[in-house]
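What follows is the residue order along each chain.
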Amino acid sequence: MAHHKDEKTLVIIKPDGVQRSLIGEITARYERVGLKLVGLKIMVPTVEQIEEHYTLDPEWRRVTGEKTIKGYKDKGLTPPSEDPIEITGIILENLKKYLSSGPVVLMVWQGAHAVGVVRKITGGTEPLTSDVGTIRGDLVLDSYQMSDTDGRAVRNLLHASGSVEEAENEINHWFTPEELVNYRLVQEQILYDVNLDGILE
Ligand code: ADP
Ligand code: MG
């Protein structure tokens, strides 16, 4: 089994994050926790690339639809449909518009529990309810109510892979193996070394 410190995850700074000049602020938050940036590029994604990205996981349509229905019910509201797949169809169309509207920044982060750590720092999907201290909780203010009223995707600055398997598929989708850089960060010694015997002279 690969060591935990080899875990990788994909982050996409969505067009709103780029337009709000938050590339540096967002990158700093993942960087300062101790993760290592091993892939980076800027591009305007095509709608085909976006649809493929979200449907790499055959369960995504169902899970996202169910999460959305639950979100409505938790607030005492009636969802627009009881069918998760139908709801996700609308979300996917809106996501294609959102993510192809301008440049995005794609990043691969590596380190212990990279997937979970990045999700924690990123915060929950809906900025209104994401925790204070997370990127989505601190830097943006959208809600499902507002995005539904306006018939668009909720603007939450970021995509972050939801599991190790999702991360592997997404990284393969956006990056070639040659685009990922294998290197050592000096700080990895203090994060991961068992003996800490290389510090004192
Ligand atoms: P996450 O990005 O937190 O992993 P999902 O994978 O569930 O969230 O959804 C992908 C993206 O689709 C979200 O980041 C968001 O932009 C959009 N989205 C998800 N659910 C909704 C919804 N109910 N209404 C509007 N947009 C949504
Ligand atoms: Mg997701």
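Structure shown above.
Keep in mind it's a predicted model, so treat the numbers as computed, not measured.

*Asks:* I'd love a proper account of the overall build of the protein chain, names of residues and values included.
*Replies:* Helix and strand counts for the protein chain come out as ten helices and four strands. For the protein chain, the N- to C-terminal ordering of α and β elements is β-α-α-β-α-α-α-β-α-α-α-β-α-α. Computed over its C-alpha atoms, the radius of gyration of the protein chain comes to 18 Å, within 12% of the 17 Å expected for a compact globule of 201 residues. If you line up the protein chain on its principal axes, its C-alpha atoms span 65 × 35 × 35 Å. Here the protein chain holds 201 residues, and the buried ones make up 43% of them. Considering only intrachain contacts with a sequence separation of at least 6, the fraction spanning at least 24 residues in the protein chain is 74%. As displayed, the protein chain offers around 11,200 Å² of accessible surface, 54% of which is attributable to carbon and sulfur atoms. Positive and negative side-chain charges in the protein chain, numbering 22 and 32 respectively, have mean positions lying 4 Å apart.

*Asks:* Which residues make up the site of ligand 1, and what values go with them?
*Replies:* Ligand 1 sits among 16 residues. The nearest are Lys14, Arg119, Thr125, Val154 and Asn156. With respect to ligand 1, the side chain of Lys14 contributes an N or O atom lying 2.9 Å from an oxygen atom. In the environment of ligand 1, an oxygen atom lies 2.5 Å from a nitrogen or oxygen atom belonging to the side chain of Thr125. For ligand 1, whose free accessible area comes to 530 Å², the fraction covered by protein is 95%. Taking a 2 Å distance to the grid points as the criterion, the majority of the atoms of ligand 1 fall inside the largest pocket. Contributions of two or more residues to the shell around ligand 1 are made by helix H4 (60-74), helix H5 (84-99) and helix H8 (144-149). Counting residues per element, the shell around ligand 1 draws most heavily on H4, which supplies four residues. For the shell around ligand 1, the per-class residue count stands at seven nonpolar, five polar and four charged.

*Asks:* Give me the packing of aromatic side chains: which residues, what numbers.
*Replies:* Tallied over the entire structure, the rule returns two aromatic pairs. Here Tyr30 and Trp109 contribute two aromatic rings whose centre-to-centre distance is 5.8 Å and whose plane-to-plane angle is 50°, an arrangement assigned as tilted. Highlighted residues: Tyr30 in helix H2 (residues 23-32) and Trp109 in strand S3 (residues 104-110), separated in sequence by 79 residues. The same class applies to Tyr30 as to Trp109, namely buried. Consider the rings of Tyr54 and Trp60, whose centres lie 5.0 Å apart with planes at 40°: the pair is tilted. Here Tyr54 and Trp60 have matching classes, each one buried. Looking at Lys36, its charged tip hangs above the ring of Tyr183, at a distance of 5.2 Å from the centre. Here the basic side chain of Lys41 rests over the ring of Phe175, its NZ or CZ set 4.7 Å away from the ring centre.

*Asks:* Can you tell me about the nonpolar core, naming the residues and giving the values?
*Replies:* Core analysis: the largest hydrophobic core is formed by 20 residues, its most contacted members being Tyr30, Ile135 and Leu158. Of all the elements in the fold, those that place two or more residues in this core are strand S1 (8-13), H2, S3, helix H6 (114-122), helix H7 (135-139) and strand S4 (158-160). Residue contributions to this core peak at four residues, all from H6. Non-local contacts of Ile135, meaning those with residues more than four positions away in its chain, are made with Ile26, Arg29, Tyr30, Ile121, Thr122, Val140, Leu157 and Leu158.

What counts as what
- Residues numbered from 1 in each chain as written.
- Chains lettered and ligands numbered in written order.
- Predicted model: local features only at pLDDT ≥ 70, side-chain atom pairs only at ≥ 80, totals over all residues.
- Heavy atoms only, no water.
- Helix = DSSP H or I, 4+ residues; strand = E, 2+ residues; numbered from the N terminus.
- Rg over C-alpha atoms; globule rule 2.2 N^0.38 Å.
- Buried < 20%, exposed > 50% of the residue type's maximum accessible area, 1.4 Å probe, protein only.
- Contact = heavy atoms within 4.5 Å.
- Areas by Shrake-Rupley, 256 points an atom, 1.4 Å probe, with all protein chains shown as cover.
- Lys, Arg positive; Asp, Glu negative; His and termini not counted.
- Charge placed at Lys NZ, Arg CZ, Asp CG, Glu CD.
- Near = heavy atom within 4 Å.
- Polar contact = N/O pair within 3.5 Å; in protein donor to acceptor, adjacent residues only side chain to side chain.
- 1 Å grid on protein atoms, 1.4 Å probe; cavity = no way out; pocket = protein on both sides within 12 Å on 5 of 7 lines; lining within 4 Å.
- Sits in = over half its atoms within 2 Å of the grid points.
- Nonpolar A, V, L, I, M, F, W, Y, C, P; charged D, E, K, R; others polar.
- Phe/Tyr/Trp six-rings, centres within 6.5 Å; stacked < 30°, edge-to-face > 60°.
- Lys NZ or Arg CZ within 6 Å of the ring centre and 35° of its normal.
- Core = buried A, V, L, I, M, F, W, Y, C linked by side-chain atoms within 4.5 Å.

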